[in-house]
Amino acid sequence: MTPEPSRDVPDGMRPDARATWPSPELINSWLGDQDIDFEFRPGEDVAVHDDPEAVAQARLFRDVLGRFASGVTVVAGVSNGEPVGMTCQSFSSVSLDPPLVLFIPAKSSRAWPLIQRSGRFCVNFLAADQADLSNIMASRGTDKFADVKWTPAPETGSPMLEGALAHLDCAIHAVHEAGDHYVVIGRVLDLVADADSDADPLLFYRGQYRTTDARS
């Protein structure tokens, strides 16, 4: 008995042809020009084509921009009653009246869609001794907050991480698409800093964690 032709097999091809097809991985290796992940910031991978010129341009972009030292923050929110967070270097103040700030998550971010749906977030400025926390929040782990101490922010309930230098409790004001990222503008609802703390900030420069302490 001749088997019925498969709907996935074109006319004129044997019905058992699928068993002899090359694997998707082998096909991709033949095609070339596949997107590869290229890390620009902690935990942030951006798709770059694998042709040498594109990779070289991406590396140059990363290396030159890496000479701009920046602070390190964790943007955190609550989704379905569970905390979510992401490490973020690209943070800036925007406006005093009204009080606005911004951060720039990659489109590949897993945490950002969850934070966006909640409509609120807290920006935590990390201290010099919190590089491990930055790495945890930059990972793709499913339970980043398992050993992280935090309290709900007064206005939104978003996580304020213990030991951070300051916390900005925000509501999402606007989101703009920008290439392979989003520019997220938040309206500051409340902000907290420990006026008595003399801790140094955590910085990121040329692919490494730094701080303002000249010895580090």
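Refer to the structure presented above.
Just so it is clear, the model here is predicted, and its values are computed rather than measured.

Scoring rules and cut-offs
Residues numbered from 1 in each chain as written. Predicted model: local features only at pLDDT ≥ 70, side-chain atom pairs only at ≥ 80, totals over all residues. Heavy atoms only, no water. Salt bridge = Lys/Arg side-chain N within 4 Å of Asp/Glu carboxyl O. Helix = DSSP H or I, 4+ residues; strand = E, 2+ residues; numbered from the N terminus. Buried < 20%, exposed > 50% of the residue type's maximum accessible area, 1.4 Å probe, protein only. Arc of directions from axis to C-beta. Contact = heavy atoms within 4.5 Å. Core = buried A, V, L, I, M, F, W, Y, C linked by side-chain atoms within 4.5 Å. Phe/Tyr/Trp six-rings, centres within 6.5 Å; stacked < 30°, edge-to-face > 60°. Lys NZ or Arg CZ within 6 Å of the ring centre and 35° of its normal.

### So, the pattern of salt bridges
Going through the model one piece at a time under the given rule, you end up with one salt bridge. Close ionic contact of Glu177 with Lys107 constitutes a salt bridge, the shortest N to O distance being 2.4 Å. Here Lys107 lies in the loop between β7 (100-103) and α3 (111-118) and Glu177 lies in strand β11 (residues 166-178), a separation of 70 residues in the sequence. Given the relative accessible area of 34%, Lys107 is considered partly exposed.

### A few points about helix α4 (residues 131-138)
Restricting attention to buried positions, one finds in α4 the residues Ala131, Leu133, Ser134, Met137 and Ala138. The buried side chains of α4 occupy one side of the element, clustering within an arc of 160° when seen end-on. In this structure, the buried residues of α4 make contact with β4 (73-79), β5 (82-88), β10 (159-161), β13 (202-205) and β14 (208-211).

### A few points about the nonpolar core
Generally speaking, a soluble globular protein has its nonpolar side chains buried in company with each other. Within the largest apolar cluster, 15 residues are counted, with the highest numbers of intra-cluster contacts made by Val75, Met86, Phe103, Ile115 and Phe121. Looking at this core, the elements that each hand over two or more residues are β5, β7, α3, β8 (120-125), β11 and β12 (181-193). In contact with Phe103, not counting residues within four places along its chain, are Val75, Met86, Cys88, Ser90, Phe91, Trp112, Phe121, Tyr182, Val183 and Val184. With 12 residues, the next largest nonpolar core counts Val72, Ala76, Ala131 and Leu202 among its residues.

### What about the packing of aromatic side chains?
This model, assessed by the stated rule, comprises five aromatic pairs. Aromatic pair Phe204 and Tyr209: ring centres 5.3 Å apart, planes at 75°, arrangement edge-to-face. Judged by relative accessible area, which is 25%, Tyr209 ranks as partly exposed. Among the aromatic residues, ring-to-ring pairing joins Phe103, Trp112 and Phe121 into one connected group. One cation-aromatic arrangement involves Lys107 over Tyr182; the distance from NZ or CZ to the ring centre is 5.5 Å.

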